[in-house]
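Here are the chains, one letter per residue:
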Amino acid sequence: MTIENLSCNKSFEGWHKQYSHHSDTLNCSMRFAIYLPPQASNGKKVPVLYWLSGLTCTDENFMQKAGAQRIAAELGIAIVAPDTSPRGDDVADDEGYDLGKGAGFYVNATQAPWNRHYQMYDYVLHELPRLIESMFPVSDRRAIAGHSMGGHGALVLALRNPERYRSVSAFSPISNPVNCPWGKKAFTAYLGKDTAAWADYDASLLMRQASQFVPALVDQGEADDFLTEQLRPEMLEAAAGSSGYPLALHRREGYDHSYYFIASFIEQHLRFHAEHLSR
């Protein structure tokens, strides 16, 4: 597999690098960022946290704004941040910020024209880890996390594939997309009007039915403008209560939906993942 290095920056004795590669899954060129902690320079394979970003974001938002590198360097964890959707001139798009490029929702689209490129679920689950584990000094010990749309994606991937991830965390996830405007718009476009097909991508529904558990941590700001209409964390709490799922959900007074919120609590999330990745 051929990848092209786009940038390289030293950070806390490790390296932040940005790459592009052709994705067979998405049928286009994709970009991702990776932070390799200093431990990876000593011939040691380090565990990986996959970070999924939210609407309108790319691989750059988290890496530049979250301040995660210092703690990742201390803990010896690599961080991989893919883009949030396929890109390119021939990739289907929409005028709205919440559909199309920058809004892949981490699903496998079944409806035209989206199904030609929008297979983000398979890309994050299979193709990207194969590439990372073959090209970089990392192990197959994986955790997954994300923000907003990416929090939705991280929870869904972990809930549906508990054997692949040691832990999962999310900031302000879209917890019940089948019942919110963002989710209804995206799922109708990508998956069609049959709402039965939507259930495979709803964290609250999946958590309610779960029988295999991945330790889960969620932080939600109480001053988040999207809290009531779009995010609905109470649905995730109810689902965890119903199935006995090991979910720790913290409501943070005064915090909003921004990267100021993520930067405030990213250390706790990384230490949470480190604990489970080391087992």
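Note that residues are indexed from 1 along each chain, following the sequence as it is written. Predicted model: local features are reported for residues with pLDDT of at least 70 only, side-chain atom pairs are reported and counted for 80 or more only, and whole-chain, interface and lining totals are derived from all residues. Calculated side-chain values reflect all of the structure's heavy atoms, with hydrogen atoms and water omitted.

Turning next to the overall build of the protein chain. Counting its regular elements, the protein chain contains nine helices and nine strands. Just to be clear, the radius of gyration here is over C-alpha atoms, and the globule rule we use is 2.2 Å times residues to the power 0.38. Whereas a compact globule of 279 residues would reach a radius of gyration of roughly 19 Å, the protein chain reaches 17 Å, a difference of no more than 12%. Its C-alpha atoms give the protein chain principal-axis dimensions of about 50 × 40 × 35 Å. Buried residues are those whose accessible area, probed at 1.4 Å on protein chains only, stays under 20% of the maximum for their type, while exposed residues exceed 50% and partly exposed ones sit between those limits. Counting the 279 residues in the protein chain, one finds 59% classified as buried. Note on contacts: a residue pair is in contact if any heavy atoms of the two residues lie within 4.5 Å. Considering only contacts in the protein chain between residues 6 or more positions apart, those separated by 24 or more positions represent 71%. Each accessible area is a Shrake-Rupley result for a 1.4 Å probe, and residues are judged covered by the shown protein chains and nothing else. Approximately 11100 Å² of the protein chain is accessible, and the part contributed by carbon and sulfur atoms is 45%. Counted as positive: Lys and Arg. Counted as negative: Asp and Glu. His and the chain ends are not counted at all. Where a charge sits is defined by one atom per residue type, namely NZ (Lys), CZ (Arg), CG (Asp) or CD (Glu). Positive and negative charge centroids in the protein chain, built from 25 and 32 side chains respectively, lie 6 Å apart. Elements are defined by DSSP. Helices are runs of H or I of four residues or more, strands are runs of E of two residues or more, and each kind is numbered from the N terminus.

The nonpolar side chains of soluble globular proteins are, as a tendency, buried together. The biggest cluster of nonpolar side chains holds 72 residues, and the ones touching the most others in it are Phe-105, Ile-132, Phe-136, Ile-144 and Tyr-190. Here this core takes eight residues from helix H3 (residues 120-135), the largest share from any one element. When sequence neighbours within four positions are dropped, the list of residues in contact with Phe-136 reads Ile-3, Tyr-19, Phe-32, Ile-34, Leu-36 and Leu-131. By nonpolar core is meant a set of buried Ala, Val, Leu, Ile, Met, Phe, Trp, Tyr and Cys residues that side-chain atoms within 4.5 Å join together. Core analysis: the next-biggest nonpolar cluster, separate from the first, contains 25 residues, Tyr-35, Ala-73, Ala-81 and Leu-277 among them.

As a further point, take the sheet that holds strand E3 (residues 28-36). Strand pairing in a sheet takes place through backbone hydrogen bonds and is either antiparallel or parallel in direction. For two strands to count as paired, DSSP must find a minimum of two bridges between them. Taken in spatial order, the nine strands make up an open sheet running E1-E2-E3-E5-E4-E6-E7-E8-E9, and their pairing is mixed. On the outer flanks of this sheet lie strand E1 (3-11) and strand E9 (247-252), each paired with one strand and no other. When strand polarity is set aside, the average angle formed by the axes of neighbouring strands in this sheet is 20°. As paired elements, strand E4 (residues 46-52) and strand E5 (residues 78-82) share three bridges and run parallel to each other. Bridged to Val-48 within E5 is Ala-78. Axis lines are fitted to C-alpha atoms, over the contacting stretch for helices. Their N-to-C directions set the angle, which ranges from 0 to 180 degrees. Across the sheet, helix H9 (residues 259-277) touches E4, E5, strand E6 (138-147), strand E7 (168-171), strand E8 (216-221) and E9, and the angle it forms with E7 is around 175°.

Next up on the list: the layout of surface pockets. Cavity: a set of points on a 1 Å grid over the protein atoms alone where a 1.4 Å probe fits but cannot get out. Pocket: an open set with protein on both sides within 12 Å along at least five of seven lines, its lining residues, like those of a cavity, having an atom within 4 Å of a point. Grid points are joined across faces, edges and corners, and a volume is the space filled by probe spheres set on the points. The calculated volume of the largest pocket comes to roughly 210 Å³. Class assignment for the residues of the lining of the largest pocket results in six nonpolar, seven polar and one charged. By the convention adopted, Pro, Cys, Tyr, Trp, Phe, Met, Ile, Leu, Val and Ala count as nonpolar, Lys, Arg, Asp and Glu as charged, and the other residues, Gly among them, as polar.

Once that is clear, we can look at the pattern of salt bridges. Whenever Lys or Arg places a side-chain nitrogen within 4 Å of a carboxyl oxygen from Asp or Glu, that contact is recorded as a salt bridge. A full pass over the atoms with the stated rule returns 15 salt bridges. Measuring nitrogen to oxygen at the nearest pair gives 3.6 Å for the salt bridge that ties Glu-234 to Arg-232. Assessed through its relative accessible area of 22%, Arg-232 is described here as partly exposed. Put simply, Glu-275 and Arg-279 hold a salt bridge, and the shortest N to O gap is 2.9 Å. Take Arg-279: its relative accessible area is 63%, and that puts it in the exposed class. Connected through shared salt-bridge partners, Arg-70, Glu-74, Glu-267 and Arg-271 make up one network.

So, about unusual backbone geometry. At the junction of Ala-112 and Pro-113, the peptide bond is cis and its omega measures out at 0° in the coordinates. Here the phi dihedral of Phe-12 falls at roughly 50°; this positive angle occurs in a residue that is not glycine. Locating Phe-12 in the fold gives a position in the loop between E1 and strand E2 (14-23).

As far as function goes, none of this settles anything; it's purely spatial.
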